[in-house]
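What follows is the residue order along each chain.
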Amino acid sequence: MFLSKIYNRCGSLTFLSLQNKLAAIHCSSSRREKRKEFEAKSKFKVMVVEVNVDETQAGQVFVPEEEPKKVAQDNGKVVDSEIDDSKPKTVEKSSSYREESNFLSDLKEFEKKALSELKSKLEEAILGNSLLRKQEPEKDEKPSEEKEEKEKEVADEKEKEEEAKGGEEGESLVGEEEAKPEGGEEKTAQECERKKSEEEGIEINKDVSIWGVPLLPCKGGEATDVVLLKFLRAREFKVNDAFEMLKNTLQWRKDGNIDSILDEDFGAGLGSAAYMNGIDKEGHPVCYNIYGVFENEELYKKTFGTEEKRGQFLRWRFQLMEKGIQKLDLRPGGVTCLLQINDLRNSPGPSRKELRVAMRQAVGALQDNYPEFVARNIFINVPFWYYALNALLSPFLTQRSKSKFVVVRPAKVTETLLKYIPAEEVPVQYGGFKKENEFEFCGQDATVTEIIVKAGSTMTIEIPADEVGSTSIWELIVLGWEVNYKAEFVPSDEGSYTIIVQKSKKISVSQSQEGPIGNTFRNNEQGKLVLTIENTSGKKKRVLYRYKTKKSSPC
């Protein structure tokens, strides 16, 4: 009896332990399956993130709006679906903005489709006379007797047509209306608008243009595509949004009489505040905006003192933009953008309300009505308060606009500008070679050569002077300066003495504000000029120089 009790107890325990083991095995197997499924999903997610990061680092501005691949569950297996290239892309934050090609063959399929749709909508709007808002007649204006008679005749004809139509025809019409595709109502409205214009004898303006480019696709060409692509890119290739933006821009230009703004005279007071000067390495015209001039209280009040004056300032800024666009080549492969340099040295801070309001209005108007006309916006000599101003303006900027910003502290101005602009095109006040009314260096003579002087070493530049009586002219700059410099003339005749043209002296950083070091020397015998740069610092130095030799004129 005792043994049977023990057996029963042991048997029940064994059964229970067996059940627990089976349950544990089942749980562990289900856990393994879930872990595998989770690992498969996590691997996929990592892959998607890597793709997006790689595209951003490569400077791609457009990435898919949805994930590149979709994951579907099919009996516990991960299935990759095909990539859909037909959908528009959204703008991701990119540290390396790159201009897109305007050649039709380089566009992606969704971009070509969007361009075709926008051209179709634009053509319908122009031919339907619905691109711009119509001017409403004045309240006191009464319709003429001829118009009233025509309206009565049209109304009588419509009544007769409606009476003649039977119920069956009405049903068929209803069926047709239901069968109409999406957008049919819009097309019908435009057709009605066109018929109405023809009945009233209103001429349809087919010569609608912007920046000298015709917008009617059948009249335009490659330049029309370039302009329309600007609006599409500004709205991430969303056709309806781009079309509305274009309509608003055309209306804004009409209301503000922008097409004739180039003929307006705003005086010479603001000429030093912004001006076009030279081109960058890619051929973009460069526009310099000098905010420090508004530190002058008299000019500040004259420009921003009242709302009317701020309005004039905005028109002057739009005029400058129009002048810049005139320098562009709005064709595929042409230069279609400007480079903006914004100098904030000595600029009034964001505490000046009038300036802050005017800047916000200018930023908004330029972004909304001049899409994709700025290749880069470089802010130099940035003070500490810039970040507060940027926080105020940031909500009014698109991510695409912000991806073009380059912010530079005072110590890095020359180095940064030289990344984008040739040294001979950088103004002397920013550490370059370009001076007003430059006569000595022009054309091929203006070409600049660069050498590197390693830390703690000395480098020499030799200028040949083979012809007696010739005059040598040279200029050089050193990024960061803090070097020793001297210039000597070494005659070819070993019996002659070396002539010191410039004694050795230390050149400090302050020299960068004064422009390049230069000199001239007329030789009375054959020889060479030797320029010596000694780098006593612990960092390598970039030396940029140019020279020319003027031969002696015959008597």
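Quick caveat, the model's predicted, so the values are computed rather than measured.

In this section: the overall build of the protein chain. A tally of helices and strands in the protein chain yields 13 helices and 19 strands. Per-residue burial over the protein chain gives 37% buried out of 555 residues. A sequence separation of at least 24 residues applies to 77% of the contacts in the protein chain between residues at least 6 apart. For the protein chain, the computed accessible surface area is about 34,000 Å², with 50% contributed by carbon and sulfur atoms.

Residue-level pLDDT values for the protein chain average 78, and 69% of them are 70 or greater. Mean pLDDT values over the elements of the protein chain span from 34, in strand S1 (residues 62–64), up to 97, in helix H7 (residues 239–255). Below pLDDT 50 for its whole length, residues 1–19 participates in 0 contacts with residues either more than four positions away or in separate chains. With pLDDT under 50 throughout, residues 168–184 is counted as low confidence; its partners more than four residues away or in other chains account for 2 contacts.

This paragraph deals with the sheet that holds strand S12 (residues 449–453). Taken together, the 4 strands give an open sheet; going across it, the order is S12-S19-S14-S17, and neighbouring strands pair in antiparallel fashion. Both edges of this open sheet fall to S12 and strand S17 (517–522), since each of them pairs with a single strand only. Between one strand axis and the next, the sheet turns through 25 degrees on average, direction left out of account. Pairing of strand S14 (residues 471–478) with S17 involves 6 bridges; the strand directions are antiparallel. Among the inter-strand pairings, Thr 471 is bridged to a residue of S17, identified as Arg 522.

The description of two packed helices rests on the angle between their axes and on the distance between the axes. At a closest axis distance of 9 Å, the pairing of H7 and helix H10 (residues 353–369) adopts a crossing angle of 120 degrees. In terms of axis orientation, H7 runs oblique to H10. Here Met 245, Asn 248, Thr 249 and Trp 252 of H7 come into contact with H10, specifically with Gln 367, Asp 368 and Asn 369. In the contact of H7 with H10, the residues fall into 2 nonpolar, 4 polar and 1 charged.

So, how was this worked out
Residues numbered from 1 in each chain as written. Predicted model: local features only at pLDDT ≥ 70, side-chain atom pairs only at ≥ 80, totals over all residues. Heavy atoms only, no water. Helix = DSSP H or I, 4+ residues; strand = E, 2+ residues; numbered from the N terminus. Buried < 20%, exposed > 50% of the residue type's maximum accessible area, 1.4 Å probe, protein only. Contact = heavy atoms within 4.5 Å. Areas by Shrake-Rupley, 256 points an atom, 1.4 Å probe, with all protein chains shown as cover. pLDDT = per-residue confidence, 0-100. Pairing = 2+ DSSP bridges. Axes fitted to C-alpha atoms, helices over the stretch in contact; angles between N-to-C directions. Parallel < 35°, antiparallel > 145°, perpendicular 65-115°, else oblique. Nonpolar A, V, L, I, M, F, W, Y, C, P; charged D, E, K, R; others polar.

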